[in-house]
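Residues per chain are reported as follows:
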Amino acid sequence: MHKRSAFKVSAPGSTMLMGEHAVLFGQPALVCALDVRIEIQVTLRDDRVVSIQSALGDYQASLDDLIDDPALSFVIAAIKAYQDRLDTGFELIIDSAFSSTIGLGSSAAITAAMVTLLNRLSNTDADLNRDFRQGLEIIHEVQKGRGSGADLAASLAGGVVCFTQQPLQIKPVAFPENIVLALYYAGYKMKTPDVLALVEQQWRSRSVLQQSLYQLMGDTSRAAIVALEQQDLKEFGHLMNVYQGLLDALGVCDATLAEMIYTLRQEQQVLGAKISGSGLGDCVLTLGTEPATMLPKHSCLSIRPAQYGVLMNDKVS
């Protein structure tokens, strides 16, 4: 094998600050790219073999006859989407700074990185909106049409973004440098497509009321965007608590999450606490002057917004 070229691509994880569920129905979402990243080292081959090394498993197949692998479903789906535009095989070494089990948008981050590296391999120029649409097609292929792509938008763009599906908008939002965010893992996680299917089933006979609830969620997100741009963290924290009440009304807050949220809110430094993500497990997000200390049994991750989205580096050590 002759190593013709090598480079690295990395993409940040993300967390939803505001807009869960309602974003699927035309409302805005606030999403934050995080300073933890997934990195992929790419080495071109002189044959048609695709080789992948990762913590989730190793993989090898012909570019002309790709085999599905559930552990690497987003990676394989991305390669299939570009299959006709690729003229050589390659090796991928995937390294993640965070686990796929804690819901930091790992699927979106790996998809963002894959779209970027496959654009390079197929001599396609980067374009944020087009790359987003390509990435969302890949995510929907794996998740059977589920997911807004808000986390994908954050991984591609970096920072904090205001995201809407229709019309597509990925707009940077200014955020205070002293913002302190922390995520507390509940210890379990229901898959997002399963949560969405459950919500759909529970609200099937209450569609008018459900739309009113999503409108309230959207109004709360719009007010939160204003608060963040004005660097009013106290108001932003209050609106986090409001949005949490709406998620509870939707039916995606269980007993464990509720106990975590109300315990965290007892701490003076916590300005707001809510579910981050689709709910029924995963993480609780807090905004405060410093991380809380009252949940010793739950893993805590202090997080900072990532200034940059997808990055490419031609210097491979």
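Since we're looking at a predicted model, the values are computed, not measured.

Undergrad: Give a detailed account of the overall build of the protein, specifying residues and quantitative values.
TA: What the protein contains, in helices and strands, is eight helices and 12 strands. Relative to the globule expectation of 20 Å for 317 residues, the C-alpha radius of gyration of the protein, 20 Å, shows essentially globular dimensions. C-alpha extents for the protein along the principal axes are approximately 60 × 45 × 35 Å. A burial count over the protein gives 53% of its 317 residues as buried. In the structure as shown, the protein presents an accessible area of about 14,300 Å², 49% of it carried by carbon and sulfur atoms. When the 25 basic and 34 acidic side-chain charges of the protein are each reduced to a single mean position, those positions are 1 Å apart.

Undergrad: Residue-level account of helix α6 (residues 207-229), with values.
TA: Turn by turn, an α-helix covers 3.6 residues, leaving residues three or four places apart pointing in a common direction. The terminal C-alpha atoms of α6, which comprises 23 residues, lie 33 Å apart, in line with the 33 Å expected from a rise of 1.5 Å per residue. Restricting attention to buried positions, one finds in α6 the residues Gln210, Leu213, Tyr214, Met217, Gly218, Thr220, Ser221, Ala224, Ile225, Ala227 and Leu228. Buried residues along α6 sit against β1 (6-18), β2 (29-44), β6 (160-164), β7 (169-173), α5 (192-202) and α7 (233-250). Taken from the residues just after α6, Gln231 is the one with a positive phi, measuring 60°.

Undergrad: Lay out the sheet that holds strand β11 (residues 300-303) with the relevant residues and their values.
TA: Here four strands make up an open sheet; going across it, the order is β9-β10-β8-β11 and the pairing antiparallel. The two strands at the open ends of the sheet, each matched to only one other strand, are β9 (270-276) and β11. For this sheet the average axis-to-axis angle between neighbouring strands, irrespective of direction, equals 25°. Packed on one face of the sheet, α7 meets β9 and β10 (281-288) and runs near 35° to β9.

Undergrad: Residue-level account of the packing of aromatic side chains, with values.
TA: A ring pair, where both rings are aromatic, is described by two values, the distance of the centres and the angle of the planes. Tallied over the full model, the rule gives two aromatic pairs. Here Phe25 and Tyr214 contribute two aromatic rings whose centre-to-centre distance is 4.4 Å and whose plane-to-plane angle is 15°, an arrangement assigned as stacked. Here Phe25, found in the loop between β1 and β2, pairs with Tyr214, found in helix α6; they are 189 residues apart in sequence, far enough to count as distant. Overall, Tyr214 belongs to the buried group, its relative accessible area being 2%. Taking NZ or CZ as reference, Arg120 lies 4.1 Å from the ring centre of Phe7, over its face. Residue placement shows Arg265 over the ring face of Tyr262; its charged tip is 5.2 Å from the ring centre.

Criteria and thresholds
Residues numbered from 1 in each chain as written. Predicted model: local features only at pLDDT ≥ 70, side-chain atom pairs only at ≥ 80, totals over all residues. Heavy atoms only, no water. Helix = DSSP H or I, 4+ residues; strand = E, 2+ residues; numbered from the N terminus. Rg over C-alpha atoms; globule rule 2.2 N^0.38 Å. Buried < 20%, exposed > 50% of the residue type's maximum accessible area, 1.4 Å probe, protein only. Areas by Shrake-Rupley, 256 points an atom, 1.4 Å probe, with all protein chains shown as cover. Lys, Arg positive; Asp, Glu negative; His and termini not counted. Charge placed at Lys NZ, Arg CZ, Asp CG, Glu CD. Expected span 1.5 Å × (residues − 1). Contact = heavy atoms within 4.5 Å. Pairing = 2+ DSSP bridges. Axes fitted to C-alpha atoms, helices over the stretch in contact; angles between N-to-C directions. Phe/Tyr/Trp six-rings, centres within 6.5 Å; stacked < 30°, edge-to-face > 60°. Lys NZ or Arg CZ within 6 Å of the ring centre and 35° of its normal.

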